[in-house]
Number of protein chains: 2
Amino acid sequence: MLNKLLILLLVASLTGCSASRINTKAEEEKLMEVSREWSRAASAQDIDHIVSYWSDSAFFLSQGQPAIQGKAGIRAMVEQSSKIPGFKISWEPIRASVSKSGDMGYLIERNQMSMNDPSGKTITIQGTVVTIWKKDASGNWKNVVDIGVHDLPN
Amino acid sequence: MLNKLLILLLVASLTGCSASRINTKAEEEKLMEVSREWSRAASAQDIDHIVSYWSDSAFFLSQGQPAIQGKAGIRAMVEQSSKIPGFKISWEPIRASVSKSGDMGYLIERNQMSMNDPSGKTITIQGTVVTIWKKDASGNWKNVVDIGVHDLPN
């Protein structure tokens, strides 16, 4: 009986951490899939759905624009963008990394943004975006920092 | 004897994870201090020291410039910048966040970059930078992603 208890305790002491061990590769793939879903959502023009990927206190940073913090400001930016004639945006994640604890991660993404010039001709700008993510209380990845640069000077 | 062993194993099973528990607040302060040290190093023009803060495979991203990956490319960029007449850069971290596992973190920083215009007059540009960090094998924070935007359009 004591021997069995000893073995049980030994197993517990050796595996005590394993329940909280995270499969970071799987989390990285999940994060890339969230990014792809978000890109598809961006083309569907459902503003509630688009905005749901950001955390409540997310930072959004872009060249020549004041930093935006929080969902209300981000929603206003998304609404404004959606009114630009010919506006379209899409992206693909190219690299993901998740912390050992699985509560923080980041993506490097390439994006394409199109809009019409005054004559109605489509202009397309390409760029690189870095997004940082945290798991919310329900275990869903939410974007906390979103910062991008364009390939060409403005 | 067996009782003592049982107690030891019980203690081990209950505390097995605590050795790896991280003080994230302390790590966040450490990360901000590394950022401040790096800013002081940037003004001292010691290129080896400046470059030592980036990891070997770090990404450096800035508006209108191709993405740079790896230390050789980053060193070339730092050398080139140091030759710009009147070039100066400094920054202050304004927010830090570290994962529960203490192996990944990020900073939001405000920076000031100065250089001389063709007439020799100083131009100063301010901006926001996001830096992502990972602990290396020796437990030192190294920058893995460095991306910034300026307040004013180029």
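What you see is a predicted model, and the numbers here were worked out from it, not measured in a lab. (Residues numbered from 1 in each chain as written. Chains lettered and ligands numbered in written order. Predicted model: local features only at pLDDT ≥ 70, side-chain atom pairs only at ≥ 80, totals over all residues. Heavy atoms only, no water.)

**Q** How should the side chain of A:Ser39 be read in this particular structure?
**A** Residue and element names in this part refer to chain A. Looking at the secondary structure, you find Ser 39 in helix α2 (residues 24-43). At a separation of 3.0 Å, a polar atom in the side chain of Ser 39 contacts the main-chain amide nitrogen of Trp 91. Beyond its immediate chain neighbours, meaning those up to four positions away, Ser 39 contacts Ile 89, Ser 90 and Trp 91. (Helix = DSSP H or I, 4+ residues; strand = E, 2+ residues; numbered from the N terminus. Polar contact = N/O pair within 3.5 Å; in protein donor to acceptor, adjacent residues only side chain to side chain. Contact = heavy atoms within 4.5 Å.)

**Q** Would you take a moment to explain the packing of aromatic side chains for this structure?
**A** Two numbers describe a pair of aromatic rings. These are the distance of the centres and the angle of the planes. If you walk through the whole model with that rule in mind, you get 10 aromatic pairs over all chains. Ring centres of A:Trp38 and A:Trp133 lie 5.5 Å apart, and the angle between their planes is 80°; on these two criteria the pair is classed as edge-to-face. Highlighted residues: A:Trp38 in helix α2 and A:Trp133 in strand β5 (residues 122-135), separated in sequence by 95 residues. For the pair A:Trp38 and A:Trp133, a shared accessibility class is recorded, and that class is buried. Taking 5.6 Å as the distance between ring centres and 90° as the angle between the ring planes, the aromatic pair formed by B:Trp38 and B:Trp91 counts as edge-to-face. Remark: B:Trp91 occurs in strand β3 (residues 88-98) and B:Trp38 occurs in helix α2 (residues 24-43); sequence separation between them is 53 residues. The same class applies to B:Trp38 as to B:Trp91, namely buried. A connected cluster of aromatic rings, assembled from ring pairs, spans A:Trp38, A:Tyr53, A:Trp54, A:Phe60, A:Trp91 and A:Trp133. (Phe/Tyr/Trp six-rings, centres within 6.5 Å; stacked < 30°, edge-to-face > 60°. Buried < 20%, exposed > 50% of the residue type's maximum accessible area, 1.4 Å probe, protein only.)

**Q** I keep staring at the pairing of strand β6 (residues 141-150) of chain B and nothing clicks. Help me out?
**A** In regular strands, side chains alternate between the two faces of the sheet. Residues and elements named next belong to chain B. The element β6 is extensively covered by neighbouring structure, given that eight of its 10 residues are classed as buried. Examined bridge by bridge, strand β1 (residues 54-62) and β6 share five bridges and lie parallel to one another. Following the sheet pairing, Trp 54 is matched in β6 by Asn 143. The pairing of strand β5 (residues 122-135) with β6 spans nine bridges and is classified as antiparallel. Within β6, the position partnered with Lys 134 by the bridge is Lys 142. (Pairing = 2+ DSSP bridges.)

**Q** What am I meant to see in the sheet that holds β5(A) here?
**A** In any sheet, the strands associate via hydrogen bonds between backbone groups, in a parallel or an antiparallel arrangement. All names here are of chain A. Pairing in this open sheet of six strands is mixed, and the strands run β2-β1-β6-β5-β4-β3 from one edge to the other. Each edge of the open sheet carries a strand with a single partner, namely β2 (68-69) and β3 (88-98). In the packing of α2 onto the sheet, the strands contacted are β1 (54-62), β3, β4 (104-116), β5 and β6 (141-150), and the crossing angle to β3 comes to about 175°. Where helix α4 (residues 71-82) meets the sheet, its contacts fall on β1 and β2, and the angle it forms with β1 comes to roughly 55°. (Axes fitted to C-alpha atoms, helices over the stretch in contact; angles between N-to-C directions.)

**Q** How do you make sense of the pairing of β5(B) when you look at a structure like this?
**A** All names here are of chain B. Sheet topology places strand β4 (residues 104-116) next to β5; 13 bridges connect them, and they run antiparallel. Bridging from a neighbouring strand, Met 113 pairs with Ile 125 of β5. From the end of β4 to the start of β5, which pair antiparallel, there are five residues, and Gly 120 there has a positive phi angle of about 90°. Connecting the antiparallel pair β5 and β6 is a turn made up of five residues, with Gly 139 showing a positive phi of about 85°.

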